[in-house]
Amino acid sequence: MSFTPPISLTKSSHQNILQTSTILNSANDNSGDEEARRLKEKADQYRSEAEKLRVTLGLQRIEELKEDIKEFMKGEDSGSSEIEQKKFAELKGRVEKLVRQSVGDEEADKLLTGLAAFSSNDNNVLPAVERSPSSTTNNVALTEEEMKNAIAFLGSLPIPVKDTLAKAAGYPDYESIINLEEFVNNLYVNKDASTEKLRRLYFQSFAKNLPGEVIVKDSNEEYQIQDISKIIQEQIEERMEGSTRAMELFPRVVQDVDEALLPREIDAQVIFQLLDRTTFMAVEKPMQVQGGYIIRGENKRKTATQLLEVIDEKLDKESPQWKESFQLSFVEIYADSSDQLFEDALLITPNNFAPMAPKLFTAVITAISLFSSFVYCIDTFSENDAVMQRLKEASEQATAGIVGAYDLAWFNELLVPMLVTLGLAQGLHEAGHLVVAWSKGIKMTPPTILPSQALPYLSFQNRLKTSPKDYTALFDFAFAGPALGLSVSFVAFLLGLQLTTQVDQATAQLLPSLPVGFITQSTLGGTIVDLLLGGGDGILLNQDPSTQIPLHPVAIGDPSTQIPLHPVAIGGFLGLIIHAFDMVPIGSTDGGRMSQAVLGRVWHLTFSSLVFTVLFLSSIFSDGVNLLLGFLFIYSFTQRDMEIICRNEIDRVELPRAVAAFVSWVVAALILVPLR
């Protein structure tokens, strides 16, 4: 019996096999059957070992070729790794087939598992490169629901725990993480980390934030931590404070909602279940705050408008009845972390905000303000001796019971134009609010008229009951009212000044008047009066209020400190001041609403505080009639809170609206800054 040995055998193996073949050919058939059988088995064993050796040499050569190919592929394009992968896979397949055919499956498995090219981890086929934590994410396939719950849970953990998990996943600390999904996947990959390792990492992270000294006891980095319970208590209090501070930017009407109207946890979960990695990546589960629930996280859409539209569509399909009682807003809140002041969050609240003031109280205030306005207009005639004398005579005749002896039609002809001018300007102001509110789907309360000592009234106050869609809707609502009212008042003021110069002598003797000190409270109004009635000679700037001002020939010789004006001019002038106060950018005035829409809630708070301080200081050093102090006093009780939430408080208004707001504030300043 003979066979041909493989050509790749070593010299010693070749000689052994030839020797065995010679012995077998020369064996005696009768006496050497048993010896021949033994030698045949030995030859088969040598042949198997030779085949294994041949395959091993081939695989070693493959490893050498792998290194050569890797060096060659370094200069290729970014897709070279895929090309190399295919080449290796094809080569592995051919080699594996050859080995299994040569030595069998059992021996092939033992032989192949000892080679790096045939390890169970496919990543080892690729060139050995430095790995980052992100390189392990492809090995994990978490469901979308699992990913969302994991990220939400992570957001609720204390900072030391977050840092511990980050280090276990290969990151320096939690703050260095950019992609939370990648981080969760890495945590899953490293889920088998030892308890001792996690304990050591936790002590490192916890000790890093400890006040005072941290003592390292030995090389295992075990820390002796003093007053742990006190520190944990402080962290819990800080967390509770953060949840309260999250709502500090919102008015009391949003925070102090009737408990029966507040959303419950199950209502907040309705929104949370709709969130995913394509809409809003929540970093914590819904957290209860004053007035509702907040969900911190990151918007995955391009704009806040797109985010809310997608969630609204899902709500309409999944829980259409949810919107009947609640609403979802995307707002800016105070942040808990120390590296940023503010952060974006979803806010879940009731969809209706009832005003805090009782209806009876507002009705009484409105009635008092209307009466005081009527009295104020009559009082503008008090310095006219001719008018007061005729009114006195009419009163005496009425007391004497003389029927038909007195006629007040002449007085009504002077009083009514003033009331109509004020009413028309304010009526258009409110009409502007109503039209915009109707077009934007905003519900508001009836106006409450605020009283004033130096003016007929201070303002008509409207409270919003439902949230505007966004800051654009809030701006349009706020701007439309005072813009119309101010325009009508300005036109009436100019027309009234023209009529003042054209009245006949008899009417001129009955005109109402305003004090010099009052008119000079307005730079714009006082300058216009000076130009149109005094020819720009500075009759207001240079006139002593105690001396007579010859505005009209009939006024010569009258010892008056008043400036006689047509009732329409007085109504227009008063309207200018009233609507200018509405445009002051503080609190929830119309100007404050515009400021909030342009600057956002955060920066409006800063800007509003600055404006309030300037007005207060100006009122202290102001001479004469102090309009500003009275305004600030009433404002402090009625409009110091900011406006209720808009559904979208992330996207700001466009540039044209911002310019319009700036112009309106400049005009208001010109009207309210004293002339001297």
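Going by the structure above, here's the rest.
Residues numbered from 1 in each chain as written. Predicted model: local features only at pLDDT ≥ 70, side-chain atom pairs only at ≥ 80, totals over all residues. Heavy atoms only, no water.

### Topic: the overall build of the protein chain
We count it as follows: Helix numbers and strand numbers start at the N terminus; a helix is a DSSP run of H or I with at least 4 residues, a strand a run of E with at least 2. Think of it in three bands: residues with accessible area under 20% of the maximum for their type are buried, residues over 50% are exposed, and the middle band is partly exposed, with areas taken using a 1.4 Å probe on protein chains only. Only heavy atoms enter the contact rule, under which two residues are in contact if any of them lie within 4.5 Å. In this description, accessible areas are obtained by the Shrake-Rupley approach with a 1.4 Å probe, and a residue is regarded as covered only by the protein chains that are shown.
In terms of helices and strands, the protein chain carries 23 helices and eleven strands. Residues classed as buried in the protein chain amount to 42% of the 676 residues present. Long-range contacts, defined here as pairs at least 24 residues apart, represent 70% of the contacts in the protein chain between residues at least 6 apart. A total of about 35,900 Å² of accessible surface is found on the protein chain, and carbon and sulfur atoms cover 56% of it.

### Some points on helix α19 (residues 523-534)
Put simply, the rule reads: A helix is expected to reach a length of 1.5 Å times the quantity of its residues less one. Each polar contact in these results corresponds to two N or O atoms within 3.5 Å; when the atoms are within protein, one needs to be able to donate a hydrogen and the other to accept it, and residues that are neighboring in sequence are counted only if both atoms are side-chain atoms.
Over its twelve residues, α19 runs 15 Å from end to end, which matches the ideal 16 Å to within 8%, given 1.5 Å per residue. Residues of α19 that are buried include every one of G525, G526, I528, V529, D530, L533 and G534, and no others. Buried-residue contacts for α19 involve α16 (471-500), α18 (516-519) and α20 (567-582). The N-terminus of α19 is capped by S522, whose side-chain oxygen sits 2.9 Å from the backbone nitrogen of G525.

### Quick word on the nonpolar core
One broad trend across soluble globular proteins is that nonpolar side chains are buried collectively. Our working rule: Here, the term nonpolar core denotes a set of buried Ala, Val, Leu, Ile, Met, Phe, Trp, Tyr and Cys residues that are joined through side-chain atoms within 4.5 Å.
If you look at the biggest cluster of nonpolar residues, it comprises 86 residues, and the most contacted ones within it are F518, L565, I577 and F581. If we ignore the near neighbours within four places in the chain, the residues touching L565 are L497, T500, L511, P512, S513, L514, I519, L533 and I570. Formed by 21 residues, the second largest nonpolar core is a distinct cluster that contains I271, L275, F330 and I348.

### Observations regarding empty space enclosed by the protein
Heads up, the rule is: Any residue with an atom within 4 Å of a point lines the site, the site being either a cavity, points on a 1 Å grid over the protein atoms alone where a 1.4 Å probe fits but cannot get out, or a pocket, an open set with protein on both sides within 12 Å along at least 5 of 7 lines. Grid points are joined across faces, edges and corners, and a volume is the space filled by probe spheres set on the points. Under this grouping Gly is polar, as are all residues other than the nonpolar Ala, Val, Leu, Ile, Met, Phe, Trp, Tyr, Cys and Pro and the charged Asp, Glu, Lys and Arg.
Evaluated as defined, the whole model comprises three cavities of 30 Å³ or more. The volume enclosed by the second largest cavity comes to roughly 60 Å³. What lines the second largest cavity is simply H433, S459, F460, Q461, N462, D582, S588, T589, D590, R593 and Q639. If you list the elements that add at least two residues to the lining of the second largest cavity, you get β9 (459-461) and α21 (590-620). Residues of the lining of the second largest cavity, tallied by class, amount to one nonpolar, seven polar and three charged.

### Side note on the layout of surface pockets
Estimated volume of the second largest pocket: approximately 880 Å³. In this structure, the second largest pocket is lined by 36 residues; those nearest its centre are P355, A357, T362, Q461 and R463. Among the secondary structure elements, those contributing two or more residues to the lining of the second largest pocket are α10 (252-255), α13 (359-379), β8 (448-450) and α22 (627-638). No other element matches α13, which puts six residues into the lining of the second largest pocket. Of the residues contributing to the lining of the second largest pocket, the split by class is 21 nonpolar, eight polar and seven charged.

### Remarks on a nonpolar patch on the surface
The condition is simple: The patch calculation keeps residues exceeding 30% relative accessible area without a salt bridge and links them within 9 Å when they carry like charges or within 5 Å when they are nonpolar (Val, Leu, Ile, Met, Phe, Trp, Tyr). We define a salt bridge as a side-chain nitrogen of Lys or Arg found within 4 Å of a carboxyl oxygen belonging to Asp or Glu.
On the surface, L655, V659, F662, V663, V666 and L670 cluster together into a nonpolar patch covering about 560 Å² of accessible area. If you trace the backbone, L655 turns up in helix α23 (residues 655-672).

### What to know about the pattern of salt bridges
In the structure shown here, the tally under the stated rule is 16 salt bridges. Residue R252 is joined to D641 by a salt bridge in which the shortest nitrogen-to-oxygen separation is 2.7 Å. Here R252, found in helix α10, pairs with D641, found in the loop between α22 and α23; they are 389 residues apart in sequence, far enough to count as distant. Here the salt bridges do not stand alone but share partners, grouping D312, D316, K323 and R647 into one network.

### Description of the environment of T507
Summarising the element assignment, T507 is placed in helix α17 (residues 505-508). For the pair T507 and W410, spaced 97 residues apart in the sequence, the C-alpha separation amounts to 9.5 Å.

### Observations regarding the packing of aromatic side chains
The condition that has to hold: Side-chain rings of Phe, Tyr and Trp, where Trp is taken by its six-membered ring, are said to pair if the distance between their centres is within 6.5 Å; with planes under 30 degrees apart they count as stacked, over 60 as edge-to-face, and otherwise as tilted.
Scanning the model with the defined rule gives 14 aromatic pairs in all. Between F612 and Y635, the ring centres sit 5.8 Å apart and the planes meet at 40°, which makes this aromatic pair tilted. Taken together, the residues span a long stretch of sequence, with F612 in helix α21 and Y635 in helix α22 at a distance of 23 residues. For Y635, a relative accessible area of 6% gives the class buried. Geometrically, the ring pair formed by F633 and F637 is edge-to-face, given 5.2 Å between the ring centres and 65° between the ring planes. Of this pair, F633 and F637 both sit in helix α22, four residues apart, which is roughly one turn of that helix.

### Examining helix α15 (residues 409-440)
The line we're drawing: The bend at a residue is defined as the angle formed between two axes, one fitted to the seven residues ending at that residue and one fitted to the seven starting there.
Counted at 1.5 Å a residue, the expected span for α15 with its 32 residues is 46 Å, and the 45 Å between its end C-alpha atoms agrees. Its axis deflected by about 25° at L415, α15 carries its strongest bend there, up to four residues before the proline P417. One or two steps after α15, the chain reaches G441, where phi turns positive at roughly 70°.

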